[in-house]
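Residue strings, one per chain:
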Amino acid sequence: MFDVWETLYALRQPCLMRAPTDAVISADRVVTSSMLRALDELLWEDVERATLESEIYPCQADSLYTSDKWLTTSALQKCIRRGHSDLAERFGRSGVRIDADHCFRRLAIVALEDIGLGDLKLIATTLAVLGDRRRRERLGEERLAAFLSREMSSSLKSRLACEMLSLVEYNPQSSSIAEQLSGLDEQTLGRIVREREFGSSKQLIALWLLHGSDRLRCQKLRSIKGAGQWGVLRLLTAQGAPLIFHYIVKMGLSRCRDSLAIPYVLLERFADANPLLKTARDSIPKPEMIGSYPSFAYDMHTRPGRFALKQAEAMFRSQLSAAGVRSFGNLVFALEGGCCARRVSSACTQAIRSRATGFELFERDGLAIDRVLADLNPIPHIDEFRRQAAVRD
């Protein structure tokens, strides 16, 4: 069994796992800036010590990878998911050499998206690191990126936050649900978030609208002005959320400016109700290299990856149509891109994962996803197109 709070024990600050006291809550009912700065310092002291005590070299003379920012970023994230620590470290170093600010922002987003409940301290650490470039430079950006990449690759994973967003972003009913909720005030939306079933689309849409879909865009939701991050943070205070979640949500929204921070308002409640969770392992094959990158790096977010997927989609068009698959890119992600070496598992997380995959692939849930994925696997053919794309590019 895995203890959700386990990684925080090393910081020796029990207050992180408790609701903030009134002394650190401002008149606006959010955690004070001085308290958040104190957490920044605590996390920085911890990561500086750990980095200096590690066996990570400040720099490596060899440069095995090209300067393609997007392939490097893709390889880094997927190597972290799959637990390929040596490759993750190498691509972390490469990422810093190409664009340090982009690399550290990406590491924070990867932590929010893929680490999740698997290591709350590590999420908070990446957000603290993202917020202070001068301190990164003093410590050594390449060394720090290499250390974080290795730590993240060996960490337990949870993609629950990302999967919960898919329940909104790919649900064909999201627009109509949002219309029903539009115009409701902060208190009413907050009550819906607190009272609805965990992980329901209505709960997630209410939370998104509470923040405002004008600031964090979603294709399924029209632009609606909300209460911003302060409304979301006030909801955390009303829920009695532990201090660490206030930090993750605040810094995720202000430093990453990414919707991945929103589900952590709900994950706080899940962690409180499920402090001990089982773990599971995906079958992770040895990476096959195409040029300087593993084959799985050539995804729909890279130029050669899009070329390869377009060619493969044309080959499988009839099978995709027969199976009802709406997005070939999402199919490849379900088969390959989202694989995690070790992940948090429970009946609830598995149900949300299955529903999210159903919406991503078919725009509906309730399907036997595993059977569909087993019957339709174009990955071997895609790799051949990826090789062609790598040469072409």
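Look up: the structure comes first, before these words.
Residues numbered from 1 in each chain as written. Predicted model: local features only at pLDDT ≥ 70, side-chain atom pairs only at ≥ 80, totals over all residues. Heavy atoms only, no water.

A. Local environment of the sheet that holds strand β1 (residues 2-3). Pairing in this open sheet of three strands is antiparallel, and the strands run β1-β2-β5 from one edge to the other. Sheet topology places β1 and β5 (342-345) at the edges, where each strand pairs with a single neighbour. In the sheet, β1 pairs with strand β2 (residues 276-281) via two bridges, with the strands oriented antiparallel. Bridge pairing in β2 places F2 opposite L277. (Pairing = 2+ DSSP bridges. Helix = DSSP H or I, 4+ residues; strand = E, 2+ residues; numbered from the N terminus.)

B. The packing of aromatic side chains, seen in detail. Applying the stated rule across the entire model yields four aromatic pairs. With a centroid separation of 5.6 Å and an interplanar angle of 15°, the aromatic rings of F91 and Y293 are classed as stacked. Of the two residues, F91 is situated in helix α3 (residues 85-115) and Y293 in strand β4 (residues 293-294); the sequence distance between them amounts to 202 residues. By relative accessible area, Y293 is classed as buried at 2%. Taking the centre distance of 5.3 Å and the plane angle of 20° together, the rings of F198 and F270 count as stacked. With F198 in the loop between α9 (186-195) and α10 (201-211) and F270 in helix α13 (residues 264-273), this residue pair connects regions lying 72 residues apart in the sequence. Members of the aromatic cluster, connected to one another through ring pairs, are F91, Y293 and Y298. (Phe/Tyr/Trp six-rings, centres within 6.5 Å; stacked < 30°, edge-to-face > 60°. Buried < 20%, exposed > 50% of the residue type's maximum accessible area, 1.4 Å probe, protein only.)

C. Layout of the environment of A227. Residue position: A227 is located in the loop between α10 and α11 (228-239). Along the backbone, A227 and F316 are 89 residues apart, and their C-alpha atoms lie at a distance of 45 Å.

D. Summary view of the environment of Q77. Looking at the secondary structure, you find Q77 in helix α2 (residues 69-82). Judged by its relative accessible area of 7%, Q77 falls in the buried class. When the C-alpha atoms of Q77 and A88 are compared, they prove to be 7.7 Å apart, with 11 residues separating the residues in sequence. Setting aside anything within four residues of it in sequence, one finds Q77 in contact with R106, V110, E113 and D114. Within the structure, Q77 has its side chain in polar contact with the side chain of R106 (distance 3.1 Å). Within polar-contact distance, the side chain of Q77 engages the side chain of D114 at 2.9 Å. (Contact = heavy atoms within 4.5 Å. Polar contact = N/O pair within 3.5 Å; in protein donor to acceptor, adjacent residues only side chain to side chain.)

E. Highlighting the side chain of S345. Note on placement: S345 falls in strand β5. Given a relative accessible area of 14%, S345 falls into the buried group. With near-sequence residues (within four places) excluded, S345 lies in contact with L277, K278, T279, A280 and Q350.

F. Geometry of the pairing of β2. Bridging between β2 and β5 involves four bridges; their strand directions are antiparallel. Residue A280 lies in a different strand from β5, and its bridge partner there is R343.

Functional significance is not addressed by these values, which are geometric in nature.
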